[in-house]
Amino acid sequence: MPFANESHSSVDMNQILNGRRMRRNRHSDWSRRLIRENTITTDDLIWPIFLIDGEKKTEPVTSMPGVERYSVDMAVRAAEQAAELGIPVMALFPNTDPDLRDEMGTEALNGSNLTCRALQAIKAEGFPVGLMTDVALDPYTSHGHDGLMAGDKIINDETVDQLCRQALIQAEAGSDIIAPSDMMDGRIGAIRYALDNNNFENLQIMAYSAKYASAFYGPFRDAVGSNSNLKGDKRTYQMDPANTDEALKEAELDLDEGADMIMVKPGMPYLDILRRIKDAFLAPTYAYQVSGEYAMICAAAQNGWMDKDKAMLESLMAFKRAGADGVLTYFAPELAKKLNGK
């Protein structure tokens with residue numbers, strides 16, 4: 001369509017742009033790679049896996065397409081795969097037999113529980129893969145909560161004492177990173193003290209510092225078998241999704257109490273939290289791309305509504321762009337294969 005005023009028909013775009021053409025750097029693949037601000041490598045990945053009792057057994061998690069629960073011997077093979085793919089860390093989550101769950105979560109203190117057996121079996125193989133273990137009581141309690149209960153209330157200090165004992169048992173079994181996910185007050189300092197006074201002063205702690213009471217955890221609770229047990233909700237100890245300043249205070253407290261690394265959970269809906277925490281403390285900071293985030297991408301891809309590979313990569317790049325030093329993601333082995341050209 002011609003210009004209404006003929007005098008403007010020969011606009012000098014170079015003059016308007018003043019020589020600044022942003023598209024120059026986008027004109028080819030090599031140029032885009034050359035100026036890329038953030039990259040993803042296998043070194044950025046932590047692979048969460050689920051454990052079950054049995055032998056030579058895998059079991060699909062129906063709400064998480066492509067994700068399986070592993071018996072201990074199969075978890076060893078998964079660790080071997082992680083080592084081959086260059087994934088630095090695996091995070092272990094048990095699906096405890098319902099008959100072993102009780103009000104006090106006493107199975108968490110069993111040195112032969114599912115998590116401890118998996119730690120010992122994987123460590124025996126000597127794979128160059130770090131093992132991270134969840135410190136919380138919800139996989140072990142009959143009520144599905146992360147802490148001990150008195151009536152309908154979660155009791156903080158008694159729970160912290162139990163968590164310290166759980167952390168020591170995991171440390172003795174071979175855990176490399178203790179990851180308290182319970183959100184009790186003071187638990188990082190108490191666990192650090194317990195570890196240091198039992199010759200585990202070099203054992204790392206990754207604190208779930210900003211863990212929100214989120215709707216995105218549903219498939220995970222299915223995977224560990226706590227969904228049907230959960231009585232009430234977790235809003236008295238997990239964070240309100242409306243709050244941001246509170247997340248900075250939680251992270252500050254955890255670092256002051258001895259956390260080596262901190263985590264934001266969930267990931268994608270909380271990129272602003274991730275950015276604020278990283279900017280404020282400059283500490284090693286991680287995001288957890290939780291089960292609901294993973295399931296949404298997979299479900300949309302299965303329905304032909306989005307390209308799974310592109311969505312997977314874009315979502316993980318968002319975490320790096322927002323300041324994450326690494327990401328816990330169920331996509332880890334799939335992405336690592338692509339990054340390795342397999």
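What you see is a predicted model, and the numbers here were worked out from it, not measured in a lab.

Help me understand the overall build of the chain, please; the structure alone is not making it clear to me.
In terms of helices and strands, the chain carries twelve helices and twelve strands. Projected onto its principal axes, the C-alpha coordinates of the chain cover approximately 85 × 45 × 40 Å. Expressed as a percentage of its 342 residues, the buried residues of the chain come to 50%. Long-range contacts, defined as pairs at least 24 residues apart, comprise 75% of the intrachain contacts of the chain with a sequence gap of at least 6. With an accessible surface of roughly 16300 Å², the chain has 49% of that area assigned to carbon and sulfur atoms. Across the chain, the mean location of the 36 positive side-chain charges is 9 Å away from that of the 51 negative side-chain charges.

Teacher, can you tell me more about a positive patch on the surface here?
Taken together, Arg 21, Arg 23, Arg 24 and Arg 26 make up a surface patch of like positive charges. Within the secondary structure, Arg 24 sits in the loop between helix H1 (13–17) and helix H2 (29–35).

How should the pattern of salt bridges be read in this particular structure?
Side chains bearing opposite charge may pair, as long as their charged atoms lie close to each other. Within this structure, the stated rule accounts for 20 salt bridges. Close ionic contact of Arg 187 with Asp 254 constitutes a salt bridge, the shortest N to O distance being 3.5 Å. Taken together, the residues span a long stretch of sequence, with Arg 187 in helix H6 (residues 187–196) and Asp 254 in helix H8 (residues 245–256) at a distance of 67 residues. Residue Arg 187 shares its accessibility class with Asp 254, and that shared class is buried.

Mind showing me how you'd approach the pairing of strand S11 (residues 285–289) here?
Sheet faces and side chains relate simply in a regular strand, where the side chains alternate between the two faces. With five of five residues buried, S11 lies mostly within the body of the structure. With burial as the criterion, each face of S11 is covered, one bearing Thr 285, Ala 287 and Gln 289 and the other bearing Tyr 286 and Tyr 288. With three bridges connecting them, strand S10 (residues 261–265) and S11 associate as parallel partners. Residue pairing across strands places Ile 262 opposite Thr 285, the latter belonging to S11. Tracing the backbone out of S10, into helix H9 (residues 271–281) and back to the parallel element S11 gives a crossover that is right-handed. Both S11 and strand S12 (residues 326–329) contribute to a ladder of four bridges, which runs parallel. The partner of Gln 289 across the bridge, within S12, is Thr 329.

I tried to follow a negative patch on the surface on my own but got confused; where do I start?
The grouping of Asp 157, Glu 158, Asp 161 and Asp 185 at the surface amounts to a negative patch. By secondary structure assignment, the location of Asp 161 is in helix H5 (residues 156–173).

Mind showing me how you'd approach the packing of H5 against H6 here?
Axis angle and axis distance: for two packed helices, these are the angle between their axes and the distance between the axes, and together they describe the pair. Between H5 and H6, whose axes approach to 9 Å, the crossing angle comes to 45°. Taken together, the axes of H5 and H6 lie oblique to each other. The element H5 and its partner H6 pack so that their crossing is right-handed. Here Val 160, Leu 163, Cys 164, Ala 167, Leu 168 and Ala 171 of H5 come into contact with H6, specifically with Arg 187, Ala 190, Ile 191, Ala 194 and Leu 195. For the contact of H5 with H6, the residue count by class is ten nonpolar, no polar and one charged.

In this structure, what is going on with the state of the cysteines? I would like to understand it.
As used here, a disulfide is simply a covalent bond connecting the sulfur atoms of two cysteines. This structure, assessed with the given rule, holds zero disulfides. Not engaged in a disulfide, the cysteine Cys 116 finds its nearest cysteine sulfur in Cys 164; these two sulfurs lie 16 Å apart. On the basis of relative accessibility, which here comes to 11%, the residue Cys 164 falls in the buried class.

Just checking my understanding: could you explain helix H11 (residues 308–321) for this structure?
Turn by turn, an α-helix covers 3.6 residues, leaving residues three or four places apart pointing in a common direction. In this model H11 runs 20 Å from its N-terminal to its C-terminal C-alpha over 14 residues, within 8% of the 20 Å that 1.5 Å per residue would give. At its buried positions, H11 is contacted by H9, S11, helix H10 (291–302), S12 and helix H12 (332–339). Here H11 starts with a cap whose side-chain oxygen sits 3.1 Å from the backbone nitrogen of Asp 309, and that cap is Asp 307. Of the residues one or two after H11, Gly 323 is the one with positive phi, at around 120°.

Conventions adopted
All residue numbers refer to position in the chain's written sequence, counted from 1. Restriction of local features to residues with pLDDT of at least 70 applies here, the model being predicted, together with a cutoff of 80 or more for giving and counting side-chain atom pairs; totals for whole chains, interfaces and linings are based on all residues. Values reported for side chains reflect all heavy atoms of the structure, with hydrogen atoms and water molecules removed beforehand. Secondary structure elements are defined from DSSP: runs of H or I of at least 4 residues count as helices, runs of E of at least 2 residues count as strands, and each element is numbered from the N terminus. Relative accessibility under 20% of the residue-type maximum defines a buried residue, over 50% an exposed one, and the middle range a partly exposed one, all with a 1.4 Å probe and only protein chains included. Any two residues whose heavy atoms approach within 4.5 Å are treated as being in contact. For the accessible areas, the method is Shrake-Rupley and the probe is 1.4 Å, while residue cover comes only from the protein chains on display. Neither His nor the chain ends is counted toward charge; the positive residues are Lys and Arg and the negative residues Asp and Glu. A charge is said to be at NZ when it belongs to Lys, at CZ for Arg, at CG for Asp and at CD for Glu. Patch membership requires over 30% relative accessible area and the absence of a salt bridge. Like charges are linked within 9 Å, and nonpolar side chains (Val, Leu, Ile, Met, Phe, Trp, Tyr) within 5 Å. By definition, a salt bridge exists where a carboxyl oxygen of Asp or Glu is found within 4 Å of a side-chain nitrogen of Lys or Arg. Pairing between strands requires that DSSP locate at least two bridges from one strand to the other. Crossovers are described as right-handed under a simple rule: with the strands pointing away from the observer, the path leading from the first strand over the helix to the second runs clockwise. A fitted line through C-alpha atoms represents every axis, and for helices the fit uses only the stretch in contact; the resulting angles, taken between N-to-C directions, go from 0 to 180 degrees. Should an angle lie under 35 degrees it is considered roughly parallel, over 145 roughly antiparallel, and from 65 to 115 roughly perpendicular; all remaining angles are considered oblique. The hand of a helix crossing depends on one turn: near helix anticlockwise from the far one by less than a right angle means left-handed, and clockwise means right-handed. Polar here means any residue other than Ala, Val, Leu, Ile, Met, Phe, Trp, Tyr, Cys and Pro, which are nonpolar, and Asp, Glu, Lys and Arg, which are charged; Gly is therefore polar. The definition used for a disulfide is geometric: two cysteine sulfur atoms within 2.5 Å. What a helix should span is 1.5 Å times the count of its residues minus one. Between N or O atoms, a polar contact is any pair within 3.5 Å; within protein, one atom must be a potential hydrogen donor and the other a potential acceptor, and residues adjacent in sequence are included only when both atoms are from side chains.

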